[in-house]
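# Understanding the architecture of this molecule
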There are 6 protein chains.
Amino acid sequence: MTVLSFGEIMLRLKSPGTERFLQSPVLEAGFGGGESNVAVSLANFEVHSQFLTVLPENIIGDECIRQLRAFGVDVSKIQRAQGRMGVYYIEGGANQLPGKVLYDRSYSAIALAKKGDIDWNAAFEGVDWFHITGITPAISGSAAELSLESVRIAREKGLTVSCDLNYRKNLWKYGTKAPDVMRKLVEYVDIAVANEEDIQKSLGIGTDVDVGSGNLDRDRYRELGDMVLKAYPGMHLVAITLRESHSADSNGWAGCLNDRDNFFQSKNYLIQDIVDRVGGGDAFSGGLIYGLSALDSKQRALEFAVAAGALKHSIPGDYNRVGKDDVSRLMEGDGTGRVQR
Amino acid sequence: MTVLSFGEIMLRLKSPGTERFLQSPVLEAGFGGGESNVAVSLANFEVHSQFLTVLPENIIGDECIRQLRAFGVDVSKIQRAQGRMGVYYIEGGANQLPGKVLYDRSYSAIALAKKGDIDWNAAFEGVDWFHITGITPAISGSAAELSLESVRIAREKGLTVSCDLNYRKNLWKYGTKAPDVMRKLVEYVDIAVANEEDIQKSLGIGTDVDVGSGNLDRDRYRELGDMVLKAYPGMHLVAITLRESHSADSNGWAGCLNDRDNFFQSKNYLIQDIVDRVGGGDAFSGGLIYGLSALDSKQRALEFAVAAGALKHSIPGDYNRVGKDDVSRLMEGDGTGRVQR
Amino acid sequence: MTVLSFGEIMLRLKSPGTERFLQSPVLEAGFGGGESNVAVSLANFEVHSQFLTVLPENIIGDECIRQLRAFGVDVSKIQRAQGRMGVYYIEGGANQLPGKVLYDRSYSAIALAKKGDIDWNAAFEGVDWFHITGITPAISGSAAELSLESVRIAREKGLTVSCDLNYRKNLWKYGTKAPDVMRKLVEYVDIAVANEEDIQKSLGIGTDVDVGSGNLDRDRYRELGDMVLKAYPGMHLVAITLRESHSADSNGWAGCLNDRDNFFQSKNYLIQDIVDRVGGGDAFSGGLIYGLSALDSKQRALEFAVAAGALKHSIPGDYNRVGKDDVSRLMEGDGTGRVQR
Amino acid sequence: MTVLSFGEIMLRLKSPGTERFLQSPVLEAGFGGGESNVAVSLANFEVHSQFLTVLPENIIGDECIRQLRAFGVDVSKIQRAQGRMGVYYIEGGANQLPGKVLYDRSYSAIALAKKGDIDWNAAFEGVDWFHITGITPAISGSAAELSLESVRIAREKGLTVSCDLNYRKNLWKYGTKAPDVMRKLVEYVDIAVANEEDIQKSLGIGTDVDVGSGNLDRDRYRELGDMVLKAYPGMHLVAITLRESHSADSNGWAGCLNDRDNFFQSKNYLIQDIVDRVGGGDAFSGGLIYGLSALDSKQRALEFAVAAGALKHSIPGDYNRVGKDDVSRLMEGDGTGRVQR
Amino acid sequence: MTVLSFGEIMLRLKSPGTERFLQSPVLEAGFGGGESNVAVSLANFEVHSQFLTVLPENIIGDECIRQLRAFGVDVSKIQRAQGRMGVYYIEGGANQLPGKVLYDRSYSAIALAKKGDIDWNAAFEGVDWFHITGITPAISGSAAELSLESVRIAREKGLTVSCDLNYRKNLWKYGTKAPDVMRKLVEYVDIAVANEEDIQKSLGIGTDVDVGSGNLDRDRYRELGDMVLKAYPGMHLVAITLRESHSADSNGWAGCLNDRDNFFQSKNYLIQDIVDRVGGGDAFSGGLIYGLSALDSKQRALEFAVAAGALKHSIPGDYNRVGKDDVSRLMEGDGTGRVQR
Amino acid sequence: MTVLSFGEIMLRLKSPGTERFLQSPVLEAGFGGGESNVAVSLANFEVHSQFLTVLPENIIGDECIRQLRAFGVDVSKIQRAQGRMGVYYIEGGANQLPGKVLYDRSYSAIALAKKGDIDWNAAFEGVDWFHITGITPAISGSAAELSLESVRIAREKGLTVSCDLNYRKNLWKYGTKAPDVMRKLVEYVDIAVANEEDIQKSLGIGTDVDVGSGNLDRDRYRELGDMVLKAYPGMHLVAITLRESHSADSNGWAGCLNDRDNFFQSKNYLIQDIVDRVGGGDAFSGGLIYGLSALDSKQRALEFAVAAGALKHSIPGDYNRVGKDDVSRLMEGDGTGRVQR
C-alpha cells in the first residue's frame with residue numbers, strides 16, 4: 001500500500017528542556033507538521049509512505065528533505081518554489097505551566113501555492129491512500145482551495161481519503177471561518193480523525209466543551225461520532241482521540257472509533273512524565289492508517305493507533321521514532337517500561 | 001509604585017540536570033538570591049522594581065547587573081566596592097535524593113559593607129515599598145547592622161516594609177543568633193512572609209516542627225499567624241507558605257494570610273515534576289507584593305502569590321520567568337498545562 | 001576489610017536524556033558493569049575496594065582505570081591484555097517506552113581471558129571478601145571457567161564470597177545454559193543476591209514469573225529464599241530485590257533477606273521520577289556488603305542496601321555517587337528530598 | 001551625547017562552530033543587525049545609546065528587547081506592531097569554505113512599517129546623532145520611504161547623520177535598484193561608512209572591483225573618498241573599511257578616513273583565527289561614532305574604529321562585547337593577546 | 001552513471017574539539033569509512049551512488065543506513081548479517097599534537113563475511129563504476145577474498161574499477177602482508193588513487209619516504225606514477241594526492257594525475273585551520289570519479305578532486321558535506337572564504 | 001623517585017571557546033594551579049607524584065581530590081581545613097583579544113593555613129624532590145611563612161628543591177613585596193624555573209622588559225641566567241622559558257638552561273593555533289623535573305621540558321594530558337601533527 005500525505009512541514013525550534021525561550025542562547029532544531037509526522041510514522045511502520053509539500057529552494061528545504069529521506073519517506077513528489085519555510089517555536093512547559101507554540105508560518109512556499117501549482121494526476125500516481133489535515137486549509141485561501149481540490153480528485157480516483165480535522169485557532173486568519181471550508185472538505189473524506197474540540201470548531205458539531213477540564217466523559221463520544229457520521233454520509237469511520245490534561249507532564253490518553261455499525265473503545269493510558277506531547281495525535285493517525293490496512297480488526301487498529309500515540313509522548317521532537325514492534329509490545333500489554341537488555 | 005529590594009545576589013553554579021557536582025566538567029551559571037529574585041518577579045509583573053546591593057568591580061559584577069537589567073530591573077542604585085562576589089553551588093536532586101546547596105559567600109562585597117556605606121536617604125528616593133529578607137542580616141555582623149538601619153529608616157520615611165524571614169541555618173556564623181537580630185528587625189516590618197520553620201527559628205515562635213515530615217497541618221497556621229501578629233504590634237499582615245515535601249520532585253504548595261481580621265487560605269497545588277524549587281518562596285513574595293498593591297482583595301493577592309510560587313517550580317534558575325498573564329491564568333483555574341498554540 | 005570485585009567493565013554509551021539512539025549526533029560516555037559498580041559503591045562507603053578485570057592496552061582501558069581510581073577504587077590488580085573493550089549502548093526510555101540496552105561485548109579482553117591467565121593467589125592477597133556476578137560466566141566459556149575457578153579458590157582461602165546472580169538473557173551465547181554453570185558456581189557462594197527472575201533463570205528454582213506484571217507478591221519471597229538456601233547448603237544468606245515496574249519512570253523498590261533463621265523485609269520505596277535505573281541492583285549489592293560488615297544488624301544491613309539501591313535511581317550513569325551519610329539519612333527516614341542548604 | 005540607531009534587528013540562528021546547517025540538531029540563537037550592532041557597541045563604550053525598530057508583539061520581540069536592555073541600550077523608542085521577526089541563518093565556514101548567510105526577513109514588522117508609522121519628532125527627542133544603514137531601505141519600498149524621511153528630518157533638526165552604506169545584493173528585491181534610493185538618502189548624510197563594493201553598488205562610484213581578490217590596493221582609497229565627497233557636497237567625511245580576505249579564517253583589516261582636508265590611514269591588522277567576522281563593519285561604525293565624538297583627533301578616531309572592528313572578529317555573535325579599555329589597549333599597540341591575570 | 005562503492009562503514013566516536021578521549025564524558029557520534037565517504041560525496045554531486053556493505057541487525061546498523069539515506073545514497077544493496085559494527089575512536093589534535101585514531105573493528109559483520117555471502121551479479125546490476133579501497137582487504141582474510149572476487153567480476157562485466165590504495169598499518173593483522181593481496185587486486189583496477197606511502201606499502205613501489213617530513217617533492221610524482229602504470233598494464237590512470245603536514249592544523253594539499261600520456265598537476269592549497277582532515281582523501285576520490293565522468297578534461301577532473309578534498313578539511317565528520325557548486329567555486333579560483341550573503 | 005609538589009589548587013571556571021564571560025549561561029569547570037599542574041604532569045610521566053595542599057571539607061574539595069587521584073597523583077598528604085576553595089575565572093581570547101583571568105582566591109583554606117598547620121617532617125616522608133612556586137608565598141602572609149619554612153626544611157633534609165618563580169601581579173596584596181619574600185625563598189632552591197619577567201619582578205634581576213613585545217632576544221638569556229646563579233650561590237641550575245606572543249592564538253615557545261658550566265638552548269616551536277596556553281610553564285617544569293631525573297643529558301632534559309610545554313598549548317584545561325611517548329615523539333622531531341592510525 002502507498003500512502004500520500006500532503007501538507008505543510010515547518011522548521012521546529014525549541015528551547016532546551018523546560019527553559020523559557022532563549023533562556024540559553026540555543027534552540028533545538030528539527031522539522032515537523034501534522035502531515036509529515038504521519039508520513040514518518042508510516043515509513044517507520046514499513047509502509048510505502050510519500051509526502052507532498054512545497055518547499056523553498058534553500059538549505060532549510062534541502063535539509064528538511066534529507067531528514068525525511070533518512071526515515072525512508074519517499075520525497076520524490078515534493079515541489080520546490082518561491083516563498084519561505086514556515087517556522088514554529090516551542091517552549092516546553094511543566095506541571096501547571098503550559099508549553100507554548102509560536103507560529104511563524106506566514107508566506108511559506110506552501111501558503112503561497114495556488115490552484116494549478118500541483119498536478120494532482122501526477123501526485124496521485126500509484127497512490128492508494130491520501131491523508132490530509134485541517135491545518136493545510138487554515139494557512140491561506142489558496143491552500144484551502146488546493147486542499148479542496150486534492151480531496152475531490154483523490155475521491156474521484158477511488159483513493160481512501162483520511163483527514164485529521166486538527167483545528168488550530170491561531171491560523172484561519174485569511175478571512176474565512178474554519179467550518180466554511182472544513183464542512184466542504186469533509187464531504188470527500190472516508191476516515192476522519194479528531195478530538196472533541198476539532199469536531200466542534202471545524203464542523204460545528206457538538207457543544208462547546210471545556211477541553212481544559214482534564215476529565216473528559218468518554219461515554220458521550222459514541223453519540224458525537226454518530227452525529228458526525230450522520231452529517232457526512234460519505235464518511236465510513238470517525239476516530240476520536242481523548243486527552244485528559246492533568247498537567248503539562250501528566251495526561252490521560254485514549255481513543256475510540258465509530259464505524260456506523262460499532263463503537264470501539266481503547267485502553268486508557270496514563271502518561272505521567274511526558275517528554276514531548278506534540279505529534280501525539282499525528283502518531284495516532286499514522287497508527288490508525290497502518291492498523292486499518294494491516295491489522296485484522298478495527299479494535300486492534302484502534303489499539304495500535306492509541307498505543308502509537310501514547311509512545312510518542314516519550315520521544316522528543318515531532319516524529320514518532322518507534323517501530324511496529326514497539327507499538328505492538330505496548331498494545332499487547334507490556335507498558336511496564338522495564339529496560340530491555 | 002516603586003519597590004526597592006535590598007540584599008545579596010550571588011553567582012549560582014549548578015551541575016546539569018540531576019548530575020552530581022562536576023560529574024560532567026561543566027556548571028550552569030546564573031545569578032540569584034532571595035531579594036533579587038523578588039525584584040525580578042516584580043519587574044516581570046511590570047512594577048517599577050529597583051534592586052540595591054553591593055557588588056565587586058569585576059566582570060562577574062558587571063554581568064550580574066547586565067542580567068538584572070535585561071529583566072527591566074532598575075539597577076541604578078547598586079553600589080560597587082571591594083570584596084568578592086558570593087557564589088552558591090547547587091546539585092539538583094531527584095526522588096529521595098535531596099538537592100544540595102553549598103554557600104561560598106564569605107567576604108562578599110555586601111558582607112563587608114558597613115554602616116554608613118549606604119546612603120539610605122538616597123536609596124529610598126522615590127521608593128514606596130521596601131523589601132528585605134532574613135538572609136542579609138545572617139551574612140555578617142555589619143550586614144545585620146545595615147539591615148536594621150535600613151528597615152528603621154524605611155519605616156520612618158513611611159515606606160511599606162516587607163520581610164521574608166528566610167532562616168538559613170548554614171549562615172548566622174558571625175557570633176550572633178538569628179532571633180537576637182530578627183526580633184529587632186521585625187519590629188519595623190509591615191508585612192512578613194515566612195514558613196513555619198522560619199518563624200520558629202528566627203523569632204522563636206511556635207514549636208519545633210519536623211519540616212521534613214511531608215504532611216503539614218494547615219489548620220494550625222492561623223494560630224501561628226496570630227502569635228506573630230500579637231508579638232509584633234506594628235506588623236499588619238503575615239503570610240505563611242506551606243510546602244509538603246513528598247520527594248525532591250513532588251511537593252504540595254499552598255499559602256495562607258493573616259491580617260489580624262481575617263485568615264485567608266489559598267488553593268493547594270500539587271507539583272509533581274519539579275524543575276527547580278529554588279526561588280519558589282521568593283516568587284511567592286514577589287507575587288504577594290504585586291497582589292497586595294494591584295489586586296482588589298487580599299484573597300486574590302494570596303492566590304496570585306501562591307500561583308506565582310507554584311509556577312516558579314517549573315522554571316530552571318532562581319528567577320521566576322513568568323508574566324502577569326501566566327500567573328493569572330493559573331490563579332483563575334487553568335492548571336492543565338495544555339500546550340498553547 | 002578489603003573487598004575484591006571481579007568481572008567485566010564496559011564503555012557505556014548513552015543517547016542524551018530520552019532521545020533515541022543518535023537522534024542527536026552525540027553519546028554520553030562513561031563506564032560500568034555489575035562488578036565495577038559494586039566496587040565503586042564500596043569505595044564511596046570508604047571500604048578498601050579492589051577491582052579485578054582484564055582490559056585492553058589502549059586509551060579506553062587507560063581512561064577506564066583513571067575513572068575507577070578517581071573514586072578511590074584500588075586498580076592495582078587490573079590486568080592488561082589483547083582483545084577489545086566491551087561497549088554497551090543504552091537508550092533512556094520514559095513512561096511506557098522501555099529503555100534499551102545493546103551489548104557489543106564479544107571478544108573483549110576479559111571474554112578472551114583463559115584459565116591460568118589470572119593468578120588467583122596474587123589476586124586474593126590481602127582480600128577478605130570476594131564479589132562476583134552471574135554476568136561474567138555468561139560472556140564466554142573461558143570466562144565461565146575462570147569464574148568457577150575464582151569462587152572455588154576464594155572459598156578455599158576462607159574468603160566471604162558474594163554473588164549477584166544477575167541473569168542476562170542476551171548473553172549465554174557460547175553454547176552452555178545458565179543453570180549448567182550457575183548451579184556449580186553458587187555452591188561456593190556464601191551470600192547470594194538476586195531477583196526472582198535471576199533465581200528462576202539461573203538456578204531453575206521457582207516458577208516462571210511474569211516480571212513485567214508490575215505487582216509482585218512480596219509474601220512469596222520468604223519461600224523462594226528458603227528453597228535456594230535448601231538447595232545450596234553452603235550458602236548462608238540470600239537477599240532478594242523486589243522491583244515493581246509501573247513505568248520506565250516509576251518503580252517500586254524493596255528487598256528482603258533470608259538467613260535461614262530469619263526473614264527480614266525492608267521498607268518499600270516508590271521512585272516516581274527515575275533518572276537512571278541501571279546499576280540499582282549493583283548499588284543494593286554494594287550497600288549489602290557494606291551493611292553486613294559494618295552495621296549492627298541484618299535488618300539494618302538490608303535497609304542500608306535497599307536505601308542505597310533506591311538512591312541510585314536518582315543518579316545518571318552506572319555508578320552510585322552517594323556516600324554513607326546520604327544512604328543513612330534515607331535509611332533513617334528522611335526521604336522528603338528537601339533541598340539541603 | 002545621545003545616539004539613535006534605526007533599522008531592522010533579526011533573530012540570528014547559527015550552526016555550531018564549523019558545522020553545516022543542522023549537521024547537529026541545534027542552532028545557536030542570538031540577535032543582530034547592522035544598526036543594533038552599532039547601538040550595542042556604543043552602549044558598551046558608555047555612550048547613551050538608543051535603538052529604534054519595529055518588533056512584533058511576541059516572545060521573540062520580547063527577548064530581543066531584553067537582550068538589548070542587558071547591554072544598557074535604551075529601548076524605550078522601540079515600536080511593536082504586526083508582522084514577523086526577521087531571521088537570518090548562518091553557517092560558519094573555514095579556510096577556503098565560505099560562511100553562508102540565508103535571510104528570512106520578508107514580511108517583518110519593520111518591512112511592513114509605512115510612512116507615518118513612526119513619529120520622527122518623538123523619535124528624535126533628545127537625540128544628537130542619528131545612525132542608519134543601507135540595509136533598511138533595501139528591505140521594502142515602505143522601509144525605503146521611512147529611511148528617506150528619517151534622514152531628511154534628522155538633518156532638518158540639526159542632528160549629525162551617519163550612514164553605513166552596507167550593500168546587500170540579496171535584498172533590494174522590491175523593484176527598485178539600490179542607487180535609486182541610496183543616492184537620495186546619502187544627500188542627508190554627514191558621515192558615510194563603506195567599503196569599496198558598497199560605494200560602487202550603492203552609489204555607482206568607482207569601478208567594479210573584485211572584492212574577492214584578497215589584495216586590495218590601499219592607495220586608491222583616497223581617490224575613491226574624494227569622488228564620494230565631491231558627489232555629495234553635504235557630506236563631511238567618508239570612512240572606508242579595507243578587508244583583505246585571505247581565507248574564511250584569515251583577513252587583513254584596516255580603514256581610512258577622508259574629511260576633504262586630510263586622508264588618514266590606520267594600522268593594518270592581520271586576523272588569522274577569525275571567530276566571527278559578522279558585525280566587524282558595524283563594530284567599526286560604532287567605534288567611529290564614539291571616536292569622532294570623544295577622542296581628540298580624527299586619526300585617533302579612525303584607529304579606535306579599526307581596533308574595535310578588529311576585536312569583533314574574535315567574539316562570537318553579532319555584538320562587539322568589548323569595552324573602551326579593550327579597544328584602547330589594542331589601539332595603543334598591545335595586540336600580543338597575552339593572558340591578562 | 002551509477003557508481004557502487006563497497007567496503008566497511010564504522011561508527012565514528014570523537015572527543016569534542018581538541019579534548020583528549022573522555023576529557024568530557026561525551027563522544028560526538030557519526031559514521032564513516034573510506035568507501036562510504038566516497039558514496040556520500042558522489043550523492044552530494046548528484047551522481048546515482050550506491051553503497052554495499054554488511055551491517056549487523058541492530059539499532060546501530062539501522063541508524064547507519066538512515067544517515068546514508070539522508071544524503072541520497074542508494075542503500076538497497078546493503079546486507080544485514082551476524083557480527084558487530086566496527087567502531088573507530090578519534091581524538092582531534094592541534095599544532096604539534098597529532099590526532100589519534102583507535103580502531104575497534106575486529107569481528108565486524110563485514111570482516112566475518114565470506115566468499116559467497118555476496119551475490120556479485122546482483123550487486124553489479126545496473127552499475128557502471130565500481131569503487132573499492134585497500135582497507136577492505138586489510139580487515140580479514142575472508143574480506144580480502146571478497147575484495148579480490150569483487151574486482152575480478154567487476155572487470156569481467158566491463159565496469160570501470162577504481163581503487164584507493166589506502167594503506168593502514170594497524171590493520172593487516174590476519175597473517176598476510178599488504179602487497180601479497182594488493183598486487184593481485186590492483187591488476188583489475190582501471191583507476192588507482194594513492195599517496196606516496198600507500199604506493200610504497202601496498203605495492204612495494206618507490207622508496208620508503210618519510211611522510212612526516214612535511215615537505216614533499218612534487219617533481220618525483222610523475223616518475224612514481226610511471227612506475228605504477230608500468231607495473232600494472234591494465235591500469236589506465238593513477239592519481240596521487242600530496243599532503244604536506246606542517247602541523248595538525250596546517251597542511252599543504254595538492255594532487256597529480258598520470259594517464260600514461262600526460263602528467264597533470266593541480267593547484268596547491270594551503271589549509272591553515274583544519275577542522276577535520278579525516279576523509280580528505282576520500283573526498284578526493286569522490287571528486288575524481290565525478291570529475292572523470294562529468295567534466296571535460298582530466299586537468300579539470302583533477303582540479304575538481306583536489307578542490308573537493310581541500311573543502312573536506314573545513315567540515316567536521318567523515319562526510320564531505322559540499323555540493324558541486326561549492327567545489328566548482330573553489331576550483332574556479334574563489335578561495336577567499338568571504339561570507340556569502 | 002618521589003616528588004612532592006606544594007601549593008594552592010583552584011576551581012577553574014572558563015567560558016566556552018572564545019565566548020565572553022557568561023555569554024552562554026555555562027562555565028567549563030576543572031581544577032588547576034601551578035603546583036598541581038606539575039604534579040599531574042609528573043604522574044602522567046609515571047613518576048611517583050605527590051601533591052600537598054589544604055582544601056576545605058566540602059564537595060569541591062572532594063571532587064578536586066578525585067580528579068587528582070584519577071591521574072594517579074598521590075593525594076594522601078592533602079590536608080582538609082576551614083576556609084573556602086579558591087576559584088579562578090577565565091575567558092579565552094583570540095587574535096588580538098587577550099584571554100583574561102579573574103582570581104577569586106582570597107580566604108582560601110591554604111591562604112588561611114598558618115605556620116605549624118603542616119607537619120613538614122611527615123610531609124617530606126619518603127620524598128626526594130620538593131617543588132614549590134612563587135604563587136604560594138603571594139597569596140597571604142601566613143602562606144609566605146609556610147613557603148619559607150617548607151624550602152628551608154626540605155633543603156635541610158637534603159631534598160632537591162625546585163621553584164617556578166611565577167610572578168603574579170594581581171596577588172601580593174597582603175602588604176609585602178614579592179622580592180622581600182622571594183629572595184629569601186630562592187636561597188633554598190636548587191633549580192629555578194622562570195621567564196624574564198618573573199626574574200625581574202620576583203628577584204629584581206635584569207631590566208624591566210616589555211614582555212608584550214612579541215620578539216624576545218634569545219641571546220641575552222645566558223647573561224640573565226648567569227646573574228641569577230651569581231646572586232644565589234646555592235642554586236645549581238636556572239631554566240628560562242621564552243614565549244613570543246604574536247597573538248592570543250600564535251606564540252613562539254622555547255627554553256634555555258644555565259647550569260653555571262654550560263648554556264643549553266632548545267628548539268623553537270611555533271604554536272599557531274593555541275588551544276589553551278594556561279599551564280604551559282607548569283608543563284615545562286614538570287617536563288624538566290622528569291627530564292633531569294630520567295634522561296641522560298641536560299640538553300635532552302631541556303628539550304623534553306620545552307616539548308612538554310609546547311604540547312600543553314594544544315590541550316584544554318590546566319593539566320598536560322600527554323604521556324612520555326607523546327613528548328618524546330615531538331622532542332625527537334615529529335611535530336607534523338599527522339593523524340596516528
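Report on the accompanying structure. (Residues numbered from 1 in each chain as written. Chains lettered and ligands numbered in written order. Predicted model: local features only at pLDDT ≥ 70, side-chain atom pairs only at ≥ 80, totals over all residues. Heavy atoms only, no water.)

### Examining the interface of chain D and chain E
Worth spelling out the cut-off: Note on definitions: a residue-residue contact is assigned when non-hydrogen atoms from the two residues lie within 4.5 Å. The working definition used for a salt bridge is a side-chain nitrogen of Lys or Arg within 4 Å of a carboxyl oxygen of Asp or Glu. Here a polar contact is taken to be a pair of N or O atoms separated by no more than 3.5 Å, where protein atoms must pair a possible hydrogen donor with a possible acceptor and residues adjacent in sequence count only if both atoms sit in side chains. Secondary structure elements are defined from DSSP: runs of H or I of at least 4 residues count as helices, runs of E of at least 2 residues count as strands, and each element is numbered from the N terminus. Under the convention adopted here, Pro, Cys and the residues Ala, Val, Leu, Ile, Met, Phe, Trp and Tyr are nonpolar, Asp, Glu, Lys and Arg are charged, and Gly plus all remaining residues are polar.
Taken together, the contacts link 28 residues of chain D with 25 residues of chain E. For the pair chain D and chain E, the interface holds two salt bridges. K100 of chain D serves as the salt-bridge partner of D326 of chain E, at 2.5 Å between the closest nitrogen and oxygen. For the pair chain D and chain E, the number of links is 11 residue pairs in polar contact (both at pLDDT 80 or more). Looking at the side of chain D that touches chain E, the element that brings in the most residues is strand β8 (residues 100–104) of chain D, giving three residues. When its residues are assigned to classes, the side of chain D that touches chain E shows eight nonpolar, 11 polar and nine charged.

### Some details on unusual backbone geometry
The criterion, for reference: Residue burial is assigned from relative accessible area. The probe radius is 1.4 Å, only protein chains are included, and a residue is buried under 20% of its type maximum, exposed over 50%, and partly exposed in between.
Look at W172 of chain B: it is not a glycine, yet its phi comes out positive at around 50 degrees. If you trace the backbone, W172 of chain B turns up in the loop between β10 (160–164) and α7 (178–186). Even without being glycine, R260 of chain F reaches a positive phi, approximately 75 degrees. In this structure, R260 of chain F sits in the loop between β13 (251–258) and β14 (263–265). Since its relative accessible area comes to 40%, R260 of chain F is described here as partly exposed.

### Thoughts on the environment of V127 of chain A
All names here are of chain A. By secondary structure assignment, the location of V127 is in the loop between α4 (120–123) and β9 (129–133). Along the primary structure V127 and Q50 are separated by 77 residues, whereas in three dimensions their C-alpha atoms are 8.6 Å apart. If we ignore the near neighbours within four places in the chain, the residues touching V127 are T2, L4, Q50, K77 and L159.

### Details of the interface of chain F and chain D
Contact residues are listed per partner, giving 29 residues for chain F and 25 residues for chain D. Applying the counting criterion to the chain F and chain D interface returns two salt bridges. Here R338 of chain D ties to E197 of chain F by a salt bridge, and the two come within 3.5 Å at their closest N and O atoms. Run the count over chain F and chain D and you get 11 residue pairs in polar contact (both at pLDDT 80 or more). With three residues, the single largest contributor to the side of chain F that touches chain D is strand β8 (residues 100–104) of chain F. Its residues placed into classes, the side of chain F that touches chain D shows eight nonpolar, 12 polar and nine charged.

### Side note on the packing of helix α6 (residues 141–156) of chain F against helix α7 (residues 178–186) of chain F
Residues and elements named next belong to chain F. Rules: An axis is simply a line fitted to the C-alpha atoms; with a helix, the fit covers only the stretch in contact. Between two such axes, the angle follows the N-to-C directions and lies from 0 to 180 degrees. Oblique is the label for any angle not covered by the other classes, which are roughly parallel (under 35 degrees), roughly antiparallel (over 145) and roughly perpendicular (65 to 115). Working rule for handedness: look at the near helix, and if it is turned counterclockwise from the far one by less than a right angle, call the crossing left-handed; if clockwise, right-handed.
Their axes nearest at 9 Å, the elements α6 and α7 cross at an angle of 15 degrees. Between α6 and α7, the angle is such that the two are roughly parallel. Crossing handedness for the pair α6 and α7: left-handed. Packed against α6, whose contacting residues are A144, S147, L148 and V151, the element α7 presents V181, K184 and L185 at the interface. Tallied by class, the residues present in the contact of α6 with α7 amount to five nonpolar, one polar and one charged.

### Comments concerning the relation of the copies chain F and chain D
Rule in force here: Here the copies were fitted onto each other by least squares, based on C-alpha atoms from residues at pLDDT of at least 70 in both.
Mapping chain F onto chain D calls for a rotation angle of 120 degrees and an axial translation of 0.0 Å; the resulting RMSD is 0.0 Å. Considering both components of the superposition, the chain copies are consistent with a three-fold axis. In terms of proximity to the rotation axis, the leading residue of chain F is D273 of chain F, whose C-alpha is 4.5 Å off the axis. Of the residues that chain F buries at the interface, just 7% are likewise interface residues in chain D, meaning the two copies contact each other through different surfaces.

### Notes on the relation of the copies chain D and chain E
Rotating chain D by 120 degrees about the axis while translating it 0.0 Å along that axis superimposes it on chain E, leaving an RMSD of 0.0 Å. When the interface residues of chain D are mapped onto chain E, a mere 7% of them again lie at the interface, so each copy presents a different face.

### Examining helix α7 (residues 178–186) of chain C
What counts is decided by this rule: What the arc describes is the spread of directions from the helix axis to the C-beta atoms.
When we look at burial in α7 of chain C, the residues that qualify are A178, P179, V181, M182, L185 and V186 of chain C. All buried residues of α7 of chain C fall inside an arc of 165 degrees around its axis, so they share one side.

### Here we look at the packing of aromatic side chains
Note the cut-off: Think of it this way: a Phe, Tyr or Trp ring, Trp meaning its six-membered ring, pairs with another when their centres are within 6.5 Å, and the plane angle makes it stacked under 30 degrees, edge-to-face over 60, tilted otherwise. Comment: the charge-over-ring label is applied if NZ (Lys) or CZ (Arg) is within 6 Å of the ring centre and within 35 degrees of the ring normal.
Inspection of every chain in the model, using the stated rule, returns 81 aromatic pairs over all chains. Measuring from centroid to centroid gives 5.3 Å for W120 of chain A and F124 of chain A, while their planes differ by 25 degrees, and the two rings are stacked. Per residue, the accessibility class of W120 of chain A equals that of F124 of chain A, and both read buried. Members of the aromatic cluster, each reached through a chain of ring pairs, are F6, W120, F124 and F130 of chain A. Sitting over the ring of Y103 of chain B, R105 of chain B keeps its end group 4.7 Å from the ring centre.

### A few points about the pattern of salt bridges
Inspection of every chain in the model, using the stated rule, returns 120 salt bridges over all chains. For D104 of chain F, the salt bridge identified is with R84 of chain F, shortest N-O distance 3.0 Å. One end of the pair, D104 of chain F, is in strand β8; the other, R84 of chain F, is in the loop between β6 (79–81) and β7 (87–91), and 20 residues separate them in sequence. Assigned by exposure class, D104 of chain F and R84 of chain F land together as buried. Where D117 of chain F meets K114 of chain F, a salt bridge forms, and the shortest distance between an N and an O atom there is 3.7 Å. Residue class for D117 of chain F comes out partly exposed when judged on its relative accessible area of 37%. Through salt bridges with shared partners, a single ionic network connects R84 and D104 of chain A together with R84 and D104 of chain D.

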